[in-house]
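Secondary and tertiary structure notes
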Amino acid sequence: MNDVQTPTLSPHTLDLSVGGMTCASCVARVERALQQVPGVREASVNLATESARVVVDSSDDAAIDARLRRAVRSAGYEPRSAEAAQAAADASPWEGFGPVAAGLALSAPRLAPMLLQPFGVHAMLPPWWQLLLAAPVQFWLGARFYRAGWHAARALTGNMDLLVALGTSAAFGLSLWLWWRAAPGEMPHLYFEASAVVISLVLLGKWLEARAKRQATSAIRALQQLRPEVAHLIGPRQETDVPLAEVLKGDRLAVRPGERVPADARVLEGRSEVDESMLTGEPVPVEVGPGSELAGATINTSGRLVVR
C-alpha cells in the first residue's frame, strides 16, 4: 500500500491595513487576534503605518485573508482595503479637521469665562447653556471614545480611549449631580468645560498625529520610488539584469558609477564614494570600501562596486 503524503505548505506573507488603532494596547490586541487565526505563524502590527504583516501557512490566500479581516473586526478595529489605505494616505492635510474645529468652537464659550476671571471679568454661563454646549462634544464628537472603550472593556483590556471615556463621563456626570443638588438660585461649580476641553484636545492630538503619519508615509513612498527598477545580478558565468523584485538576500550585485544602490547591502569589492544626502542631508559623498554598509537608493558616484 502506498502512503499518501500531505504536501508541506511553505510560509508566505500577507499585508493588511488596520484602522482605528490609537496606542500600544491596540497593537497588542490586534496581534493577539491575528495570531489566534488557524494557519497564522507570526503577526506583527505597526501603529505608525496602521498595517499588519502576517506570516501564514495556507494555500488559499482568499480564505485566510477573509479570516484575518474577520479577526480584526471582532477585536474592534476596521480592516481596510489597499485602495482605502492609499486614499487615506493621499488625503488633504486638513482631512478630518471638521470634528476638531467643532469641538474647539463648542468648548471656547465655556473656557473663555475661566480665562477672563483672573482679570475681574465674570461671564459664567448659566448651567443650561453649559449643558447644551457640552452635550454634543461629549456624546457626538466623543462617541468614538465610547465605542473603542467598549471594545477594550469587552476584551478585558484598557486603552487610551477607555480612559478618556471614563474621565470625561465622570466630569459630565458629576456636573449633572451638583446641578441637581444645588439649592434654587445657587450657582454650583460645574465641570462641563473639563469634559468638553479634554475631548476636543484629544481629538486635536489625534488629528495632528494622523497628519504627521500621512506626511511620513508620503516621504517613505517618495524614497521608495527612488530605487532602481533593475539590478545587475552577478551569476556564475556572467552579469545579467533582473527586476528588483527578483533580488534575493545573499545575491551578489554590481553597482556601476552613477547608479543607485538597488537594496541595502554590504560592499564586497571595489571602492567609491556614495551620495547619502537623501537619508542624511549631508551633501558630501561618503567613501566606501569592502565591508562598508550601503543603504538602498543611495547613489554610487564614482567607482564600480560589487555588493551582497
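Check the entry above for the structure.
We now turn to the structure provided with this report. Everything numeric here is computed off the predicted structure, so don't read it as measured data.

Thoughts on helix 6 (residues 143–154)
If you check helix 6, its first and last C-alpha atoms are 17 Å apart, about what twelve residues at 1.5 Å a residue would give, namely 16 Å. Those residues of helix 6 not exposed but buried are A143, F145, A148, G149 and A152. Residues of helix 6 that are buried in the fold lie against helix 1 (24–35), helix 5 (127–141), helix 7 (160–181) and helix 8 (192–224). Just downstream of helix 6, L156 is the residue with a positive phi angle, here 60 degrees.

Describing the environment of E50
Assignment of secondary structure puts E50 in the loop between strand 2 (40–46) and strand 3 (51–56). For E50, a relative accessible area of 18% corresponds to the buried category. As for E50 and L16, which are separated by 34 residues in sequence, their C-alpha atoms are 8.8 Å apart. Excluding its chain neighbours within four sequence positions, the residues that come into contact with E50 are L16, S17, V18, M21, R80 and K213. A polar contact of 3.4 Å, which involves the side chain of E50, links it to the side chain of K213.

Let's talk about the pattern of salt bridges
If you walk through the whole model with that rule in mind, you get eleven salt bridges. Two residues, E239 and R304, come together in a salt bridge whose shortest N-O distance is 2.7 Å. Here R304 lies in the loop between strand 12 (299–300) and strand 13 (305–307) and E239 lies in strand 6 (residues 239–243), a separation of 65 residues in the sequence. The class for E239 is partly exposed, based on a relative accessible area of 29%. For R304, a relative accessible area of 44% translates into the label partly exposed. Through salt bridges with shared partners, a single ionic network connects E50, R80 and K213.

Here we look at the sheet that holds strand 8 (residues 265–269)
An order of 6-5-7-13-8-11 is seen for the six strands of this open sheet, with the pairing classed as antiparallel. The open sheet is flanked by strand 6 and strand 11 (293–294), the only strands paired with a single partner. Strand direction decides the pairing type here: strand 8 and strand 13, joined by two bridges, are antiparallel. Its bridge partner being in strand 13, V267 is matched across the sheet by V307.

So, the sheet that holds strand 9 (residues 272–275)
Taken in spatial order, the three strands line up as 10-9-12 in an open sheet, and their pairing is antiparallel. The sheet is open, and its two borders are formed by strand 10 (286–288) and strand 12, each paired with just one other strand.

Details of the packing of helix 5 against helix 6
Between helix 5 and helix 6, the least distance of the axes is 4 Å, while the angle of their chain directions is 40 degrees. Comparing their axes, helix 6 and helix 5 come out oblique. Of the residues in helix 6, those in contact with Q138, F139, W140 and L141 of helix 5 are A143, R144, F145 and Y146. Each residue belonging to the contact of helix 5 with helix 6 can be placed in one class, and the counts come to six nonpolar, one polar and one charged.

Conventions used here
All chains use their own residue numbering, which begins from 1 and follows the written sequence. pLDDT decides what is reported in this predicted model: residues at 70 or higher carry local features, side-chain atom pairs at 80 or more are listed and counted, and totals for whole chains, interfaces and linings draw on all residues regardless. Hydrogen atoms and water are omitted, and side-chain values are computed over all heavy atoms in the structure. Counting from the N terminus, the helices are the DSSP runs of H or I reaching at least four residues and the strands are the DSSP runs of E reaching at least two. For a helix, the expected span equals 1.5 Å multiplied by the number of residues minus one. Three labels apply to residues, based on accessible area from a 1.4 Å probe with only protein chains included: buried if under 20% of the type maximum, exposed if over 50%, partly exposed otherwise in between. Note on contacts: a residue pair is in contact if any heavy atoms of the two residues lie within 4.5 Å. Here a polar contact is taken to be a pair of N or O atoms separated by no more than 3.5 Å, where protein atoms must pair a possible hydrogen donor with a possible acceptor and residues adjacent in sequence count only if both atoms sit in side chains. Here, a salt bridge means any Lys or Arg side-chain nitrogen found within 4 Å of an Asp or Glu carboxyl oxygen. DSSP calls a pair of strands paired once it identifies at least 2 bridges connecting them. A fitted line through C-alpha atoms represents every axis, and for helices the fit uses only the stretch in contact; the resulting angles, taken between N-to-C directions, go from 0 to 180 degrees. Note on terminology: angles under 35 degrees are roughly parallel, angles over 145 are roughly antiparallel, angles of 65 to 115 are roughly perpendicular, and the others are oblique. Three categories are distinguished: nonpolar for Ala, Val, Leu, Ile, Met, Phe, Trp, Tyr, Cys and Pro, charged for Asp, Glu, Lys and Arg, and polar for the others, with Gly belonging to the last.

On their own, these measurements won't tell you what the molecule is for.
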